[in-house]
Number of protein chains: 2
Amino acid sequence: MLAPTKLALSGARFRVTYQIAGARDEVMRKAEEICIEQTVEFPADLVPDDDIRAHVFGRIESVEQRAEQLFHVQISYAIETAGLEITQLLNVVFGNTSMKPDIQVADLALPDSLLAAYAGPRFGVAGLRELLGVTGRPLLCTAIKPMGLSAAALAQMTGDFARGGIDLIKDDHGLADQVFAPYAERVKRCAEAVQEANQRTGRRSVYAPNVTAPGRALWERAYLAKQAGAGAFLVAPGIVGYDRMQALADDPQLGLPILFHPALLGSFVTYPYTGMAHGVVFGLLGRLAGADVTIFPNFGGRFSFSREDCLAIAEAARRPLGHLKPIFPAPAGGMSIGRVADMVALYGVDTVLLIGGDLHRHPDGVYAASQRFLETVLAACAQR
Amino acid sequence: MLAPTKLALSGARFRVTYQIAGARDEVMRKAEEICIEQTVEFPADLVPDDDIRAHVFGRIESVEQRAEQLFHVQISYAIETAGLEITQLLNVVFGNTSMKPDIQVADLALPDSLLAAYAGPRFGVAGLRELLGVTGRPLLCTAIKPMGLSAAALAQMTGDFARGGIDLIKDDHGLADQVFAPYAERVKRCAEAVQEANQRTGRRSVYAPNVTAPGRALWERAYLAKQAGAGAFLVAPGIVGYDRMQALADDPQLGLPILFHPALLGSFVTYPYTGMAHGVVFGLLGRLAGADVTIFPNFGGRFSFSREDCLAIAEAARRPLGHLKPIFPAPAGGMSIGRVADMVALYGVDTVLLIGGDLHRHPDGVYAASQRFLETVLAACAQR
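Just so you know, these numbers come straight off a predicted model, no measurement behind them.

Peer 1: Please explain the packing of helix H7 (residues 151-164) of chain B against helix H16 (residues 366-382) of chain B as it appears in this structure.
Peer 2: The angle between the axes and the distance between the axes are what describe a pair of packed helices. All names here are of chain B. Packing of H7 against H16 leaves a shortest axis separation of 7 Å and a crossing angle of 30 degrees. Judged on the interaxial angle alone, H16 and H7 are roughly parallel. For the crossing formed where H7 meets H16, the hand is right-handed. Where H7 abuts H16, its residues Met-157, Asp-160, Phe-161, Arg-163 and Gly-164 lie against Val-366, Tyr-367, Ala-369, Ser-370 and Gln-371. Per-class residue counts for the contact of H7 with H16 are five nonpolar, three polar and two charged.

Peer 1: I'm lost on the sheet that holds strand S7 (residues 206-208) of chain A in this one. Help?
Peer 2: Strand pairing in a sheet takes place through backbone hydrogen bonds and is either antiparallel or parallel in direction. Residues and elements named next belong to chain A. One open sheet accounts for four strands, arranged S7-S6-S5-S12; its pairing is parallel. At either end of the open sheet lies a strand with only one pairing partner, and these are S7 and strand S12 (352-354). Each neighbouring strand pair of the sheet contributes to a mean axis angle of 25 degrees, computed without reference to strand direction. Of the strands in this sheet, strand S5 (139-144), strand S6 (168-171) and S7 touch helix H6 (residues 151-164), which is tilted by about 165 degrees from S5. Those strands touched by helix H7 (residues 183-201) are S5, S6 and S7, and its axis lies near 160 degrees from that of S7.

Peer 1: Would you mind showing me how to read the relation of the copies chain B and chain A here?
Peer 2: Expressed as a screw transformation, the operator carrying chain B onto chain A has a rotation angle of 180 degrees and an axial translation of 0.0 Å, and the superposed copies differ by an RMSD of 0.0 Å. Seen this way, the second copy is the image of the first under a two-fold rotation axis.

Peer 1: Where do I start with the sheet that holds strand S8 (residues 233-235) of chain B in this structure?
Peer 2: All names here are of chain B. Taken together, the four strands give an open sheet; going across it, the order is S8-S9-S10-S11, and neighbouring strands pair in parallel fashion. Pairing within the sheet leaves two strands with one partner each, and these edge strands are S8 and strand S11 (328-332). Averaged over all neighbouring strand pairs, the angle between strand axes comes to 25 degrees, with direction disregarded. Relative to strand S10 (residues 293-297), strand S9 (residues 258-260) runs parallel, the two being bridged by two bridges. Among the inter-strand pairings, Phe-260 is bridged to a residue of S10, identified as Thr-294. Set on the sheet, helix H14 (residues 307-318) makes contact with S10 and S11; between it and S11 the angle comes to about 160 degrees.

Conventions adopted
Residues numbered from 1 in each chain as written. Chains lettered and ligands numbered in written order. Predicted model: local features only at pLDDT ≥ 70, side-chain atom pairs only at ≥ 80, totals over all residues. Axes fitted to C-alpha atoms, helices over the stretch in contact; angles between N-to-C directions. Helix = DSSP H or I, 4+ residues; strand = E, 2+ residues; numbered from the N terminus. Parallel < 35°, antiparallel > 145°, perpendicular 65-115°, else oblique. Left-handed = near helix turned anticlockwise from the far one by under 90°. Contact = placed C-beta atoms within 7 Å. Nonpolar A, V, L, I, M, F, W, Y, C, P; charged D, E, K, R; others polar. Pairing = 2+ DSSP bridges. Least-squares fit on C-alpha atoms with pLDDT ≥ 70 in both.

By themselves, these observations are geometric and do not establish any function.
Put into structure tokens, the structure is as follows:
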């Protein structure tokens with residue numbers, strides 16, 4: 001038995017809703033295990049009746065049956081357990097329990113005292129609209145690709161997209177620093193191409209290079225991009241960590257919008273009874289880590305997300321969350337101009353519409369395709 | 001249609017084995033989609049008969065039926081697609097395909113030309129044995145906890161473990177920089193406690209603080225630990241990215257062994273038909289990213305990994321992998337002294353045995369428990 005410990009804590013707690021599959025008594029047993037596993041990870045019977053037991057242990061706040069053999073259990077944790085750091089917050093929310101079956105993180109409720117430690121999105125919906133000078137319609141986004149093209153060819157394409165009216169022209173997430181189109185050359189050329197296009201059109205389109213890169217290279221690429229005149233960053237926190245997306249967003253010398261790419265995060269959401277819910281992974285955690293746009297595969301494309309999953313992401317991107325700004329959901333993944341009207345109707349105007357490969361199918365090239373994309377969006381907005 | 005592209009590539013390719021569930025024709029369709037999705041992510045019919053089609057597209061190398069409705073499809077990619085960076089390697093292996101159901105990364109085969117870009121584990125099995133001065137038996141490991149104790153109490157515990165004969169005394173992964181036991185104070189006290197114990201015992205035990213931390217704080221904590229005399233690092237790449245584990249391992253000014261903690265990675269392995277296989281997540285990728293010890297929940301404890309899963313991790317930790325050193329598997333997660341003999345018999349001597357909470361159950365305290373742990377390991381080795 002440990003000696004009793006006295007602690008001076010704030011009393012503020014954050015809440016995690018776990019969806020747990022099983023019969024009620026089994027679910028309650030699992031919930032009690034979570035309270036221990038995610039905090040002290042220590043035999044509970046060896047902890048005396050002290051402040052660790054009273055305040056550091058997770059606490060079951062509510063239990064709600066959602067379906068046969070399916071419960072939502074809300075567990076609260078002292079905000080001090082997460083130490084106001086996103087890395088440790090992830091650890092308390094799901095670190096070890098991720099390795100247990102039939103438990104999913106369904107939602108998070110974070111008090112202002114915890115949110116105060118997070119700057120959140122630097123731009124959000126209003127800030128990004130202001131930066132781009134676009135109101136009253138969804139933002140248009142596309143990706144330059146395929147991998148294998150030269151930097152010059154990609155820059156040509158970038159310019160065509162910008163002249164055609166695309167607001168956000170991002171690297172395909174598969175473009176890194178390969179020999180085909182080395183990062184430094186690509187970023188310089190593509191940023192220039194957008195600047196030239198903006199001078200012609202009077203628009204304020206931006207190029208968003210992919211800064212998902214190992215160790216210090218992430219920072220070298222971000223600073224190089226800023227210097228070259230890139231207007232935003234694409235980053236995959238599933239590969240480099242949510243905390244580095246947060247650090248990119250928080251860096252005052254960079255000060256650019258962040259596009260959150262979902263690569264590698266599918267393992268968190270592909271099965272319903274494990275991982276973390278779509279709204280948590282792509283919405284809440286994305287905002288907490290400073291994303292201004294959260295890209296996800298829309299239903300009806302090449303991927304497995306359902307309509308309900310996608311709407312949960314959009315809801316989490318925009319719901320009230322203390323002082324954190326709402327952000328743009330960006331449904332993507334095999335979308336086409338033919339789906340614009342439906343997407344605008346479903347997601348509303350505060351949405352980024354991301355169409356990639358389909359813009360290349362237009363017989364007159366990507367410039368004409370971009371114009372058509374913009375016209376289609378404007379028409380869809382006029383019909384609302 | 002794109003203009004044809006000419007490329008000068010090495011011809012070297014790495015191979016990913018995907019386990020795909022479904023009927024044969026459906027599996028073949030999914031495999032062909034993977035070849036595109038993981039590389040060009042572009043309409044294949046718009047790519048001419050050029051070097052992008054011939055070399056950048058993924059290529060199906062073999063198809064093997066493993067069970068009813070279950071196939072292993074090996075797909076190769078030009079090493080240039082991954083650009084010799086672990087972030088982009090992860091992206092090519094599974095980035096977008098992680099968001100499709102019924103596809104798992106079962107194994108990786110990485111050619112020497114790719115492995116040459118990775119230093120891998122700095123110590124590995126032989127190096128860590130030399131550092132600790134331990135031969136002929138498994139290494140002993142434990143964790144200081146619970147969260148909520150003061151730095152002084154944790155340091156007292158650390159010293160007791162070291163005096164009792166534990167080789168690797170790590171922070172519990174839940175210890176970060178909370179008010180209970182602030183990082184700087186904890187690391188200084190715990191490192192001192194181990195050094196004092198070593199002076200008494202003549203052993204070379206090490207303390208491994210948890211450097212899983214946001215952004216630059218990871219590096220500040222690692223350097224602070226090095227300066228304070230810590231002997232290894234605990235890091236959770238599921239939270240901060242494999243690339244930062246690699247950067248820690250590669251940093252010549254740090255030069256300390258790396259213990260890989262599995263927090264948050266359960267979502268990759270908890271279901272059999274999604275994510276990545278245990279051997280890939282905890283074995284191959286861990287080694288590629290420089291881990292010297294890979295910690296995972298052993299079967300028969302509190303977690304869901306099967307015996308087969310655990311053996312796959314141990315196999316991947318030690319199999320030939322170019323110039324990369326073999327590393328220690330560390331079965332953990334609710335283990336007890338009573339299971340030592342079985343673990344030694346199953347995993348062999350080149351194993352780290354990690355027992356946490358159970359050492360606190362000994363009526364005479366953790367010093368006596370550590371002695372008993374060591375005696376039990378020696379007895380189990382003598383019986384082999």
